[in-house]
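Now for the letters of each chain:
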Amino acid sequence: MTAEMGSIPSEELLAKTAEGDEYAFATLVRRHQTSVLNLIYRYVGDRTMARDLAQEVFIRVWRAAKRYEAKAKFTTWIYRITANLCLNELKSFGKKKLLFWGSPREEGQTRDERSNVSPSAEDLLLAEERSRQISDALQGLPENQRMALILKRYDNLSYGEIAKIMECSVSAVESLLVRAKRNLQEKLIFFEK
Amino acid sequence: MKCSQVQKRLSAFQDGELNPQEQERVSDHLESCSACRERYAEMEKVWQALGDFKEILPERGFYGQLVKKINESNETRFPAGFQWLFQFFSSPWATSTLLIVGILIGTFLGNILAKSDLFPFQQNQAAYSGAAIEVFSLKVFDPIPPGTLADKYMRMASY
């Protein structure tokens, strides 16, 4: 059943989901969970919060499946739900205080790993440190700039698609990206590759 | 193209969002201008560095937890045994139909309940003198004149 579902476009899977087809919903979640999770993770910088919010996105997809209009691409639609959750409703979740990268527990794990002298572990730590620096820089960007930049850099969406997702004009997206890139250059000025 | 014009469009150039003519003009400028080329190189360096932000994978129980949350939220939103009722009311057609039925019932009840003692002189004008009819007519200047929607509402509310 799931193998058959694998070749069905997401829009059709959503239509089946609206009829209560749980297999279709499961396929839809499996297909889009990584992209939704990572969009949120890059935006909020916290794994646990990203997981909770990604699940919230899919709960909304399940509930809103009947209201979906086939005019919009499914990916645009689900990204709009995600962006809306991140940009407009995150504050009302009362979790804004969690908007920093890495919980104390994650930092603790890093220190434990650091005491391990294996060279590969050291490489991993360096990569993780680099990732953390980038995350910090992203978290320092204003919310709209951060969202536009993530959608462009990691999801490789066009300005037109980003504009639809963020419900603004294409020129506004361009302006957001110009400012985001300028800000990032300042923040990552000491970043040596 | 001037450096200031090029630098304004560098971001869109990097993202491949310019039209072919503009893309070519910026590209030509970059070949001949070391300052803009340097600026673009810095932009590219940051763009590449962003690639080091690694992707994470969903945890194994992601879908299971999701289904659990959906079931929990359904139980909270719709008490057991009444889910069909909430699903029925969530349909726009059902809501519109109920609204129309509500208006019709309200109008019908309004007419029935407010009719009994409304304008008694109109129902039996012969029994009233001309003066009495004039007095009734002056009621049109009342804050809530008889026979108006507000009057019907007040009458219904007083039942």
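Residues numbered from 1 in each chain as written. Chains lettered and ligands numbered in written order. Predicted model: local features only at pLDDT ≥ 70, side-chain atom pairs only at ≥ 80, totals over all residues.

Before we move on, could you go through the overall build of chain A and cite the residues and values that matter?
On a plain count of helices and strands, chain A comes out with 10 helices and zero strands. Of the regular secondary structure in chain A, the N- to C-terminal order runs α-α-α-α-α-α-α-α-α-α. Considering chain A as a whole, with its 193 residues, one finds that 34% of them fall into the buried category. (Helix = DSSP H or I, 4+ residues; strand = E, 2+ residues; numbered from the N terminus. Buried ≥ 20, exposed ≤ 12 C-beta atoms within 10 Å, placed from the backbone.)

Report on the overall build of chain B, specifying residues and quantitative values.
Secondary structure assignment for chain B yields nine helices and zero strands. Listed N to C, the secondary structure of chain B is α-α-α-α-α-α-α-α-α in terms of helices and strands. Burial statistics for chain B: of 159 residues in total, 11% are counted as buried. Restricting the contact set of chain B to residue pairs at least 6 apart, pairs at least 24 apart contribute 50%. (Contact = placed C-beta atoms within 7 Å.)

Pulling in residues and values, what's your account of the environment of D155 of chain A?
Residue and element names in this part refer to chain A. Structurally, D155 can be placed in the loop between α8 (143–153) and α9 (159–166). Each C-alpha atom, one on D155 and one on N38, is 9.6 Å from the other, the two residues being 117 residues apart in sequence. Once you skip the residues sitting within four places of it in the chain, D155 turns out to touch S35 and L39.

Residues and numbers for the interface of chain B and chain A, please.
Contacts between chain B and chain A engage 25 residues on the former and 31 residues on the latter. Those elements that place two or more of their residues in the side of chain B that touches chain A are α1 (3–14), α3 (34–49) and α4 (62–77) of chain B. Ranked by residues supplied to the side of chain B that touches chain A, first place goes to α4 of chain B with seven residues. Taken together, the residues of the side of chain B that touches chain A break down into 14 nonpolar, three polar and eight charged. (Nonpolar A, V, L, I, M, F, W, Y, C, P; charged D, E, K, R; others polar.)

Go over the packing of helix α3 (residues 22–44) of chain A against helix α4 (residues 47–64) of chain A, please, and point to the residues and values.
All names here are of chain A. Across the interface, α3 lies against α4 with an axial gap of 8 Å and an inter-helix angle of 135°. Here α3 is positioned oblique relative to α4, judged by the angle of their axes. The crossing of α3 and α4 is right-handed. Taking contact as the criterion, the partners of F25, V29, Q33, V36, L37, I40, Y41 and V44 in α3 are, on α4, R47, M49, A50, R51, L53, A54, V57, F58 and W62. (Axes fitted to C-alpha atoms, helices over the stretch in contact; angles between N-to-C directions. Parallel < 35°, antiparallel > 145°, perpendicular 65-115°, else oblique. Left-handed = near helix turned anticlockwise from the far one by under 90°.)

Which residues make up unusual backbone geometry, and what are the values?
Residues and elements named next belong to chain A. Positive phi, close to 50°, is recorded for N156, a residue that is not glycine. Looking at the secondary structure, you find N156 in the loop between α8 and α9. Judged by local crowding, N156 falls into the exposed class, with 10 C-beta atoms found within 10 Å. In this model, E167 sits at a positive phi of 55°, which is unusual for a non-glycine residue. Relative to the elements of secondary structure, E167 occurs in the loop between α9 and α10 (170–187).

Residue-level account of the nonpolar core, with values.
Residues and elements named next belong to chain A. Grouped together as the largest cluster of nonpolar side chains are 52 residues, with contacts concentrated most on I40, A54, V57, M147, A148 and I162. Among the secondary structure elements, those contributing two or more residues to this core are α2 (10–18), α3, α4, α5 (74–89), α7 (119–139), α8, α9 and α10. The biggest single contributor to this core is α3, with 11 residues. Among all residues touching M147, those that are not within four sequence positions of it are Y43, A83, C86, L87 and M166. (Core = buried A, V, L, I, M, F, W, Y, C linked by C-beta atoms within 7 Å.)

Quick rundown of the packing of α5 of chain A against α8 of chain A? Include the residues and the values.
All names here are of chain A. The contact between α5 and α8 brings their axes to 10 Å, and the two run at 160°. Here α8 runs roughly antiparallel to α5, going by the angle between their axes. For the element pair α5 and α8, the recorded crossing hand is right-handed. Contact with α5, carried on its side by A83, C86 and L87, involves E143, N144 and M147 of α8 and no other residues of that element. When its residues are assigned to classes, the contact of α5 with α8 shows four nonpolar, one polar and one charged.

I'd like a rundown of α10 of chain A, residues and numbers included.
All names here are of chain A. For α10, built from 18 residues, the straight-helix expectation of 26 Å at 1.5 Å per residue is met to within 8% by its first-to-last C-alpha distance of 25 Å. Within α10 the residues assigned to the buried category are V173, E174, L176, L177, A180, K181 and L184. Projected down its long axis, α10 shows its buried positions confined to an angular sector of 160°, all on one face. Projecting away from the buried face of α10 at angles above 90 degrees are the exposed residues S171 and E186. (Expected span 1.5 Å × (residues − 1). Arc of directions from axis to C-beta.)

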